[in-house]
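Residues per chain are reported as follows:
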Amino acid sequence: MKTSVVCDTHALIYWSLAPKRLGAGASKSIEQARKQGEIFCADISLWEIARLVEKGRLELGVAAEAYLDNLVTALGLTALPVSPRIAALAQSGRFQQKDPADRLIGATALALNAPLVIRDASFSQVAGLRLLWS
């Protein structure tokens, strides 16, 4: 049985830069999905990481593009674009999050019917969304 997961932006950052900050369940799920080539993110997560670097909130020691290329390669990560389904889900009444990036990340997991690796407990209120962290 394949194990697919969608990673939130911070889960990607923690996996690569601070793995001890990931919950044990999140870490295990990411590794299982990585081995099976079933690890995904919303494409906006890549933009969020580049933005954190540009604003000086994330220091990498390399250019954002190089870091992102290495992250995608190391994880075997597939960045999913916004599809009509994801766009509609992100604007549905399921989400209380105001941040459009958060909505798109959650909607990506819903559209893929995969658990979302995220620490943000506010997503537990989203109907049909399965969360992984602890």
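Keep in mind that what you see is a predicted model, and the values were worked out from it rather than measured. (Residues numbered from 1 in each chain as written. Predicted model: local features only at pLDDT ≥ 70, side-chain atom pairs only at ≥ 80, totals over all residues. Heavy atoms only, no water.)

Where do I start with the side chain of D8 in this structure?
Position of D8 among the secondary structure elements: in the loop between β1 (5-7) and α1 (9-17). It is R119 that comes nearest to the buried, bridge-free D8 among opposite-charge side chains, at 9.6 Å. For D8, the residues in contact, after removing those within four places along its chain, are S45, I105, L116, V117 and I118. (Helix = DSSP H or I, 4+ residues; strand = E, 2+ residues; numbered from the N terminus. Buried < 20%, exposed > 50% of the residue type's maximum accessible area, 1.4 Å probe, protein only. Lys, Arg positive; Asp, Glu negative; His and termini not counted. Salt bridge = Lys/Arg side-chain N within 4 Å of Asp/Glu carboxyl O. Contact = heavy atoms within 4.5 Å.)

Can you walk me through the sheet that holds β1 in this structure?
Sheets are built from strands that pair by backbone hydrogen bonding, the pairs being arranged parallel or antiparallel. Pairing is parallel in the open sheet, where 5 strands are placed in the order β3-β2-β1-β4-β5. A strand with exactly one partner marks an edge of an open sheet, and here the two such strands are β3 (78-80) and β5 (131-132). Examined bridge by bridge, β1 and strand β4 (residues 116-117) share 2 bridges and lie parallel to one another. In the strand pairing of β4, V6 is matched with L116. Helix-sheet contacts for helix α3 (residues 43-54) involve β1, β2 (39-42) and β3, and the interaxial angle to β2 is about 70°. (Pairing = 2+ DSSP bridges. Axes fitted to C-alpha atoms, helices over the stretch in contact; angles between N-to-C directions.)

Would you explain the packing of aromatic side chains in this entry?
How two aromatic rings sit relative to each other is given by the distance of their centres and the angle of their planes. Applying the stated criterion across every chain, the model contains 1 aromatic pair. Centre to centre, the rings of Y14 and W133 are 6.1 Å apart; their planes meet at 70°, and the pair counts as edge-to-face. Of the two residues, Y14 is situated in helix α1 and W133 in the segment after β5; the sequence distance between them amounts to 119 residues. On the basis of relative accessible area, Y14 is assigned to the buried category, the value being 10%. (Phe/Tyr/Trp six-rings, centres within 6.5 Å; stacked < 30°, edge-to-face > 60°.)

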